[in-house]
Amino acid sequence: MPAEIEPAVAERRITLLETLDRVLNKGVVITGDVTLSVADVDLIFVGLRLLLSSVETARDLRLSREACLSPHACPGTADRGDGRQA
Amino acid sequence: MTDVSRPPGSSPSQDGVAWYVYAVLPWCAEVPVTAGIEGGHPTVFIPEGPIMAAASPVSLAAFDSEPLRRNMEDPRWLTEKVCQHEAIVEAVMARSPVLPMKFCTIFRSPGAVRRMLREHAIQLQEALEFVRDKEEWGVKGFAHRGCLREAAIRLDPQLCEMAEELARAARDTPGRAFFLKRRMNDLTEQRRIGREADLVERAAEALQGSVVQLVRNPPLRGWGIGRAGPVSATSGHSTEDLVLNLACLVVTQGVQTFLAEVRRWNEAVGDQGLRLVASGPWPPYNFVPRFGNHAR
């Protein structure tokens, strides 16, 4: 996803890969009632890697990510990074 | 704020509903209500003492263990749901300290969510206090391997000598030049690896002073992607590789100082072959507790 690699200090656009890495791998781990085994989580990376290896597909996904993080859907998110530059 | 309307202890398995928890936050009235991850159900806040969970109902048809495992094999479904999870956590983060949950932390009833909040109350409250007035920032380091190799040839005395020898051999003894060139390439690559590792260490050290905590994640964890992977960036004729993946917890008031440090690195060292790119603020995914037997 070359367009995301910009010389700016703070990336205005969040990379999809970073989001996936955080949401899937990090965060509070607590045993809920519905549980996924470690093997399940590892398995998804295979599919995702295949998907993301296509630049065109990755671009589409970034667009869909931007859509789901639109100011309408999520107040405050659209300002990520921008407001910090002043 | 919308409190959960379902009576605790109602039997959700009968109507095929479970509760997806996005985040834990301190009890407060000023949090936005956003659409949940499925079916347009709004996010609700399930309170327990001084903390509460941001959650929404999800269907067991899609989110019970077996269908979930199948859905997670569909990259498009997964990507969409991950982005929605993130958007909901970010909406909360805009107003409140937040502990983001790992993807698909799901309970059978609001009562089970409350039990979880009670069981881990002290650790969750401590963690919320810890992340209060702090932000998570990502810093990625991109190595320009061509640039690193050029610097090695320019600055390493042994390689300088070999380059001169090669120039002479190319003129006088082409056969020897062939082998000499191979040796020189091998040594250049060794030196390139050394320079890259050195710059990576120096970059992490340079940021230490402006962060509360710093986590060094493999670039990128679990993805197993190398040079040809999607984290390589092409600029002009050369390729950059992701070689450093940091998560930094920064005091909100110190974010400008932290970003200035990143900028300073790029101005002073960036042209030597390691460029830093910051992203954020993120919910503090890398700085939260990990309970239970699913920690990994």
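Residues numbered from 1 in each chain as written. Chains lettered and ligands numbered in written order. Predicted model: local features only at pLDDT ≥ 70, side-chain atom pairs only at ≥ 80, totals over all residues.

1. Concerning the overall build of chain A
Then, number 1: Scanning chain A from terminus to terminus reveals three helices and zero strands.
Then, number 2: Ordered by position from N to C terminus, the α and β elements of chain A give α-α-α.
Then, number 3: Residue burial in chain A is summarised as follows: out of 86 residues, 41% are buried. (Helix = DSSP H or I, 4+ residues; strand = E, 2+ residues; numbered from the N terminus. Buried ≥ 20, exposed ≤ 12 C-beta atoms within 10 Å, placed from the backbone.)

2. Quick word on the domain arrangement of chain B
Then, number 1: The domain architecture assigned to chain B consists of domain 1 (12–132) and domain 2 (137–286).
Then, number 2: Taken over C-alpha atoms, the centre of domain 1 of chain B sits 38 Å from the centre of domain 2 of chain B. (Domains from an automatic or database assignment.)

3. Notes on the packing of helix H8 (residues 157–172) of chain B against helix H9 (residues 174–208) of chain B
All names here are of chain B.
Then, number 1: At their nearest, the axes of H8 and H9 sit 9 Å apart, and the two run at 160 degrees to each other. With respect to H9, the element H8 is oriented roughly antiparallel. Where H8 crosses over H9, the handedness of that crossing is left-handed. Here H8 contributes Gln 158, Leu 159, Met 162, Ala 163, Glu 165, Leu 166, Ala 169 and Ala 170 to the contact with H9, which in turn contributes Pro 174, Arg 176, Ala 177, Leu 180, Lys 181, Met 184, Leu 187, Thr 188 and Arg 191.
Then, number 2: Looking at side-chain class alone, the contact of H8 with H9 contains 11 nonpolar, two polar and four charged residues. (Axes fitted to C-alpha atoms, helices over the stretch in contact; angles between N-to-C directions. Parallel < 35°, antiparallel > 145°, perpendicular 65-115°, else oblique. Left-handed = near helix turned anticlockwise from the far one by under 90°. Contact = placed C-beta atoms within 7 Å. Nonpolar A, V, L, I, M, F, W, Y, C, P; charged D, E, K, R; others polar.)

4. Concerning the pairing of strand S2 (residues 44–48) of chain B
Residues and elements named next belong to chain B.
Then, number 1: Here S2 runs beside strand S3 (residues 51–59); their pairing, made up of five bridges, is antiparallel. Paired with Val 44 across the bridge in S3 is Ala 55.
Then, number 2: The turn linking S2 back onto S3 is made up of two residues, and Gly 49 within it adopts a positive phi angle of 65 degrees. (Pairing = 2+ DSSP bridges.)

5. Comments concerning the environment of Lys102(B)
Then, number 1: As for its position among the elements, Lys102(B) is in strand S4 (residues 99–107).
Then, number 2: Overall, Lys102(B) belongs to the buried group, with 25 C-beta atoms counted inside 10 Å.
Then, number 3: Each C-alpha atom, one on Lys102(B) and one on Leu214(B), is 20 Å from the other, the two residues being 112 residues apart in sequence.
Then, number 4: Sequence-distant contacts of Lys102(B), defined by excluding residues within four places in its chain, comprise Lys26(A), Gly27(A), Val28(A) and Val29(A).

6. What to know about the pairing of S3(B)
Residue and element names in this part refer to chain B.
Then, number 1: The buried fraction of S3 is high, at eight of nine residues.
Then, number 2: Pairing of strand S1 (residues 17–26) with S3 involves nine bridges; the strand directions are antiparallel. Opposite Pro 26, over in S3, you have Ile 51 as the bridge partner.

7. Brief notes about unusual backbone geometry
It is generally the case that most residues other than glycine have a negative phi and that most peptide bonds are trans.
Residues and elements named next belong to chain B.
Then, number 1: Looking along the chain, the bond that leaves Gly 280 and enters Pro 281 is cis, with omega of -5 degrees.
Then, number 2: One non-glycine residue, Cys 104, adopts positive backbone phi at about 60 degrees.
Then, number 3: Along the chain, Cys 104 falls in strand S4.
Then, number 4: Its 26 C-beta neighbours within 10 Å are what place Cys 104 among the buried residues.
Then, number 5: A positive phi is found at Asp 133, a non-glycine position, where the angle reads about 60 degrees.
Then, number 6: Tracing the backbone through its elements, the reader meets Asp 133 in the loop between helix H6 (121–131) and strand S5 (134–144).

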